Amino acid sequence: MTGLRHLLSAADLDHETAIAVLDTAAQMSATQSREIKKLPTLRGRTVVNLFFEDSTRTRISFEAAAKRLSADVINFSAKGSSVSKGESLKDTALTLQAMGADAVVIRHHASGAPHRLAHAGWVDAAVVNAGDGTHQHPTQALLDAFTLRRHLAGDADNPDGVGLDLAGKHVAIVGDVLHSRVARSNVLLLHTLGARVTLVAPPTLVPVGVEAWPCAVSYDLDGVIADQQPDAIMMLRVQRERMGAGGGGTTGATSFFPSPLEYTRTFGLDARRLRMLPDHAIVMHPGPMNRGLEISADAADSDRAVIVEQVANGVAVRMAVLYLLLAGEREAWS
Ligand code: ASP
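Just so you know, these numbers come straight off a predicted model, no measurement behind them.

What counts as what
Residues numbered from 1 in each chain as written. Predicted model: local features only at pLDDT ≥ 70, side-chain atom pairs only at ≥ 80, totals over all residues. Heavy atoms only, no water. Pairing = 2+ DSSP bridges. Helix = DSSP H or I, 4+ residues; strand = E, 2+ residues; numbered from the N terminus. Axes fitted to C-alpha atoms, helices over the stretch in contact; angles between N-to-C directions. Left-handed = near helix turned anticlockwise from the far one by under 90°. Contact = heavy atoms within 4.5 Å. Nonpolar A, V, L, I, M, F, W, Y, C, P; charged D, E, K, R; others polar. Core = buried A, V, L, I, M, F, W, Y, C linked by side-chain atoms within 4.5 Å. Buried < 20%, exposed > 50% of the residue type's maximum accessible area, 1.4 Å probe, protein only. Near = heavy atom within 4 Å. Polar contact = N/O pair within 3.5 Å; in protein donor to acceptor, adjacent residues only side chain to side chain. Areas by Shrake-Rupley, 256 points an atom, 1.4 Å probe, with all protein chains shown as cover. Right-handed = clockwise from strand over helix to strand, strands pointing away.

Asker: Would you mind showing me how to read the sheet that holds strand β2 (residues 72–77) here?
Answerer: Across a sheet, paired strands are connected by hydrogen bonds in the backbone, their directions being either parallel or antiparallel. Here we have four strands laid out as an open sheet, ordered β2-β1-β3-β4, and parallel in their pairing. The two strands at the open ends of the sheet, each matched to only one other strand, are β2 and β4 (126–132). Each strand axis lies, on average, 15° off the axis of its neighbour in the sheet, ignoring direction.

Written as structure tokens, this is what we have:
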């Protein structure tokens, strides 16, 4: 139906394919309010979750998605496996191939690892990128687009905005863009869907080469909120674990901004900034949140926040992706 063989980057999704995935996700989502959530669609197929980097919600979400489609799920995490004894990606891939994996969902600290897995000829499986380094996280972008479409394009007759895109909508993506695969994936997909994107970050957290991205860049969060009245604001996690010297601590982080307090004052979403947003605007965060740093507790828990809904939508979107990659045109949920 979509002709997708793998999902490695948001760039793999053209307008028509992106809408097809979102529309399929809407159908999947409808099945998730039934008492029996499980569909027989992928019975007999094997989905391997191959996680070389920590993850809670993404791994659980893919696991739930595969199980709701009746696939067999094998969870393979690098810790405690022979990967921690130095087994290469190639050897791991050959093992998965020997086990008959139909889809491999991979998260890896190295940007490009899913691409290598998909194209090196080691596995026949469909490969889904669940986050590689600072590069891409396409299913996050899809679940964000699904959530945005529901809130900004949907109406009483068409609550999920089926068939629609995000033309004319304005999304501000705020914070640690430099280390964010979520930002990279969202900029591409939102652009494909017709939305306007403004990245807001301190200059130290804006990637080199951002001029080539299809979006605007600002260093002034108050200005963007007050003057441009975005329809949605997406707060990014400050990724301290990717900030080098000092590792997970503040030493690394403070080479990117003067102090956590200063960051919060300049780039954090708090009650004051929340009040400046238009009434219909929604607040998003991919999780996990640093409460008190990029987002205050009252912003995270406000009724504008759709952060928990993003998690729920993640399951529907991942069901759609697995279905489209593995079941092709077979009838899914009659
Ligand atoms: N969970 C998202 C990711 O894996 C965002 C984050 O970690 O900040 O990229």
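Asker: What is the right way to look at the sheet that holds strand β8 (residues 232–235) in this model?
Answerer: Spatially, β7-β6-β5-β8-β9 is the arrangement adopted by the five strands of the open sheet, whose pairing is parallel. Every other strand in the sheet has two partners, leaving β7 (216–218) and β9 (282–284) as the edge strands with one partner each. Averaged over all adjacent pairs, the angle separating strand axes in this sheet is 20°, with direction ignored. Pairing of strand β5 (residues 170–174) with strand β6 (residues 196–200), which is carried by five bridges, proceeds in the parallel orientation. Bridge pairing links Val-174 to Val-200 in β6.

Asker: I'm lost on the packing of helix α5 (residues 138–152) against helix α12 (residues 307–326) in this one. Help?
Answerer: Packed helices, taken two at a time, are described by the angle between their axes plus the distance between the axes. It is the contact of α5 with α12, at a shortest axis distance of 8 Å, that shows an interaxial angle of 115°. Where α5 crosses over α12, the handedness of that crossing is right-handed. Two secondary-structure elements touch here, α5 through Thr-139, Gln-140, Leu-142, Leu-143, Asp-144, Phe-146, Thr-147, Arg-150 and His-151 and α12 through Glu-309, Gln-310, Asn-313, Gly-314, Val-317, Arg-318 and Val-321. Looking at the contact of α5 with α12, its residues break down into five nonpolar, seven polar and four charged.

Asker: Looking at this model, I keep getting lost on the nonpolar core. Mind explaining?
Answerer: If you look at soluble globular proteins, the nonpolar side chains tend to sit buried side by side. Residues Leu-142, Leu-148, Ile-173, Leu-189, Leu-199 and Ile-233 are the most contacted members of the largest nonpolar core, which totals 97 residues. In terms of residues, this core owes the most to one element, α12, which gives twelve residues. Contact partners of Leu-142, with chain neighbours within four places excluded, come to Leu-7, Leu-13, Val-21, Leu-22, Leu-189, Val-317 and Val-321. Core analysis: the next-biggest nonpolar cluster, separate from the first, contains 20 residues, Phe-76, Val-104, Ala-113 and Val-127 among them.

Asker: Help me understand the site of the ligand, please; the structure alone is not making it clear to me.
Answerer: Neighbouring the ligand are the residues Arg-107, His-137, Arg-181, Val-182, Arg-237, Gln-239, Gly-287 and Pro-288. One of the side-chain nitrogen or oxygen atoms of Arg-181 is found 2.8 Å away from an oxygen atom of the ligand. Within the side chain of Arg-237, an N or O atom sits 2.7 Å from an oxygen atom of the ligand. Bound to the protein, the ligand loses 94% of the 260 Å² it would expose on its own.

Asker: How do you make sense of the pairing of β5 when you look at a structure like this?
Answerer: A regular strand places its side chains on the two faces of the sheet in alternate fashion. Counting buried positions along β5 gives five out of five residues, so the element sits mostly inside the fold. Where burial is concerned, the two faces of β5 agree: the one with His-170, Ala-172 and Val-174 and the one with Val-171 and Ile-173 are both buried. Note on the crossover from β5 through helix α6 (residues 181–192) to β6: the handedness is right-handed. Of the pairings in the sheet, the one linking β5 to β8 comprises four bridges and is parallel in character. If you follow Ala-172 over to β8, its bridge partner there is Ile-233.

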